[in-house]
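Commentary on secondary and tertiary structure
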Amino acid sequence: MIERDHIGIFGKMNSGKSTLMNLLTQQETSIVDPTPGTTSDIKTALCEIHGIGPVKIFDTAGLDEGSFLGGKKKKKTLATLKECDLVLLVVDPGQPDDGTEIELLELARSMDKQVLIVCNLFEEPDREKIKTLYSEIELLKFYNPLAIRANDIGEREALLKFILDEYKPKRTSMELLPFVEKEEIYILVIPMDEETPQGRFLRPQQLAMEYITRKFAYPSCFRIDLGRARNRSGTEEEKHRFLDYLEMFGRKPKAIITDSQAMDVLANWCPGDVALTTFSIAMIQYFSKGRLSEFAHGLRTIDTLKPGDKVLIVEACNHSRICEDIGTVQIPKYFYQNYPGVVLGHNFGREFQDIDDLGTYKLIIHCGGCMISPQKLNARIRDLKAVGVPYTNYGLFLSYLQGDKALGKVLEPWGLAAESESICA
Ligand SMILES: Nc1nc2c(ncn2[C@@H]2O[C@H](COP(=O)(O)OP(=O)(O)O)[C@@H](O)[C@H]2O)c(=O)[nH]1
Ligand code: SF4
Ligand SMILES: [Mg+2]
């Protein structure tokens, strides 16, 4: 069976959903009629969109159909919403139905769906009404609209371009650690203290171990004693223990993957000819489906922070925090020392979409995000992009604090560099 991306067309009655379906599929798949409720059930069409691949398109009934039959249709429409990877919300700016549009937006957002807004211009003056629509529906601030005439075949190209530019297809396959090679050794550096839960590794560590083993490569764990490593009297001994351990293999490991909080130590201890990166960097690249360069780009904002600016520290789970915890201890310490007037906020756990004042933050520093789905993480990123808030990541941030060389080193395994130009490549 071919795996298809599901695209659903939603909106109020007579907003032009079926017309848009026909524009996309270039055929009369859906009956188009001004009589409300013409689309009696869900119509589907299978086709191929160049740049996305095979898709299944759903033309749904208007969510605002009031009759008993309408109620049934509404259920089906909502079930379709769940199934979709992309929600095309068709709005008639000349006659919007805020209730329907808000309901659809809220539902789609609660399911972390990708949403694109298509404003269907029945008449040219409708273009002017888009502004009013946007001022009336708060949630629209997260979405740039495309304004087209759905019944004009000449608009097909603009519609396809809009979808291709904005939509991230679901089938982007990702490798967790793409640099891992068969029969090579990979060292996982793991700090533990009394608070570290017993009986299991943390998810990033588990995922890395499993991935490396699956690739017929050899993962090996080193428990680092960060207290000793940072303490003047213990550091040499701890460093020797680490270097002796590396020697033990009789050949160089290919790469070291460290807990980000040990970057201050590993930036100095990692041999020059061994690659280095962090769990958090690997996780954010994997769970964001390849957006590490965007997170690296966010680092540039740090230099621009002024007293009073707000920075939000975000973790996607409520794990037990060890004493040198990154989110509550390490990052705050850096800001108190270097940017004393900067106001820090925290968002721990799963709910992020509910932050009303997201746009007021100057920077978001996000953990690896390994406990939420790529869909959820990408929904967060879309919101941040829409409101223009830069974002970076724990591993990148803690590497950046060690200087350009350390940052360059942890980015290298991902084909990125720390030079200002290539960070945003
Ligand atoms: N003038 C004009 N009419 C349109 C446009 N899009 C749709 N229509 C008409 O509006 C009516 C309702 O469109 P339809 O696609 O069936 O809406 P749906 O209920 O949302 O599926 C039909 O008569 C369409 O021909 C448009 O862009 N311009
Ligand atoms: S979701 Fe974030 S804080 Fe929780 S284990 Fe994963 S990387 Fe760490
Ligand atoms: Mg219809």
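Described below are features of the structure shown in this document. (Residues numbered from 1 in each chain as written. Chains lettered and ligands numbered in written order. Predicted model: local features only at pLDDT ≥ 70, side-chain atom pairs only at ≥ 80, totals over all residues. Heavy atoms only, no water.)

**Some remarks on the side chain of Asp5**
On the secondary structure map, Asp5 appears in strand β1 (residues 5–11). Of the residues examined, Asp5 reaches a relative accessible area of 0% and is grouped as buried. Look past the residues within four positions of Asp5 in its chain and what remains in contact with it is Ile52, Pro54, Val55, Lys56, Asp85, Tyr167, Pro169, Lys170 and Arg171. (Helix = DSSP H or I, 4+ residues; strand = E, 2+ residues; numbered from the N terminus. Buried < 20%, exposed > 50% of the residue type's maximum accessible area, 1.4 Å probe, protein only. Contact = heavy atoms within 4.5 Å.)

**Here we look at the environment of Gly327**
Within the element layout of this structure, Gly327 appears in helix α12 (residues 326–338). Note on Gly327: relative accessible area 0%, which makes it buried. Separated by 67 residues in sequence, Gly327 and Tyr394 have C-alpha atoms that sit 8.1 Å apart. If near-sequence neighbours (up to four positions away) are discounted, Gly327 is found in contact with Ile313, Glu315, Pro332, His346, Phe348 and Tyr394.

**Digging into the site of ligand 1**
Taken together, 17 residues form the shell around ligand 1, and within it Asn14, Gly16, Lys17, Ser18 and Thr19 come nearest. A distance of 3.2 Å separates an oxygen atom of ligand 1 from a polar atom in the backbone of Ser15. A distance of 2.9 Å is found between an oxygen atom of ligand 1 and a side-chain nitrogen or oxygen belonging to Asn120. In isolation ligand 1 has 570 Å² of accessible area, and contact with the protein removes 80% of it. Tallying contributions element by element places helix α1 (residues 17–25) first for the shell around ligand 1, with 3 residues. Here the residues of the shell around ligand 1 sort into 6 nonpolar, 7 polar and 4 charged. (Near = heavy atom within 4 Å. Polar contact = N/O pair within 3.5 Å; in protein donor to acceptor, adjacent residues only side chain to side chain. Areas by Shrake-Rupley, 256 points an atom, 1.4 Å probe, with all protein chains shown as cover. Nonpolar A, V, L, I, M, F, W, Y, C, P; charged D, E, K, R; others polar.)

**Comments concerning the pairing of strand β5 (residues 114–120)**
With 7 of 7 residues buried, β5 is to be regarded as a mostly interior element. Along β5, one buried face is formed by Gln114, Leu116, Val118 and Asn120 and the opposite face, lined by Val115, Ile117 and Cys119, is buried too. As judged from the 6 bridges shared by strand β4 (residues 86–91) and β5, these two strands associate in the parallel manner. Pairing of Val91 across the sheet is with Cys119, part of β5. A crossover connection joins β4 to the parallel β5 through helix α3 (residues 98–110); in handedness this β-α-β unit is right-handed. Here 4 bridges tie β5 to strand β6 (residues 145–148), and the two strands are oriented parallel to one another. Along β6, the bridge assignment pairs Ile117 with Pro145. (Pairing = 2+ DSSP bridges. Right-handed = clockwise from strand over helix to strand, strands pointing away.)

**Points about the sheet that holds strand β2 (residues 43–49)**
Strand order in this open sheet of 6 strands is β2-β3-β1-β4-β5-β6, and the pairing throughout is mixed. Where the open sheet ends on each side, the last strands, each with one partner, are β2 and β6. Ignoring which end each strand starts from, the neighbouring axes of this sheet average 25° apart. Bridging between β1 and β4 involves 5 bridges; their strand directions are parallel. If you follow Gly11 over to β4, its bridge partner there is Val90. Packing against the sheet, α3 makes contact with β1, β4 and β5, and its axis sits at approximately 170° to β4. Across the sheet, helix α5 (residues 156–166) touches β2, β4, β5 and β6, and the angle it forms with β5 is around 155°. (Axes fitted to C-alpha atoms, helices over the stretch in contact; angles between N-to-C directions.)

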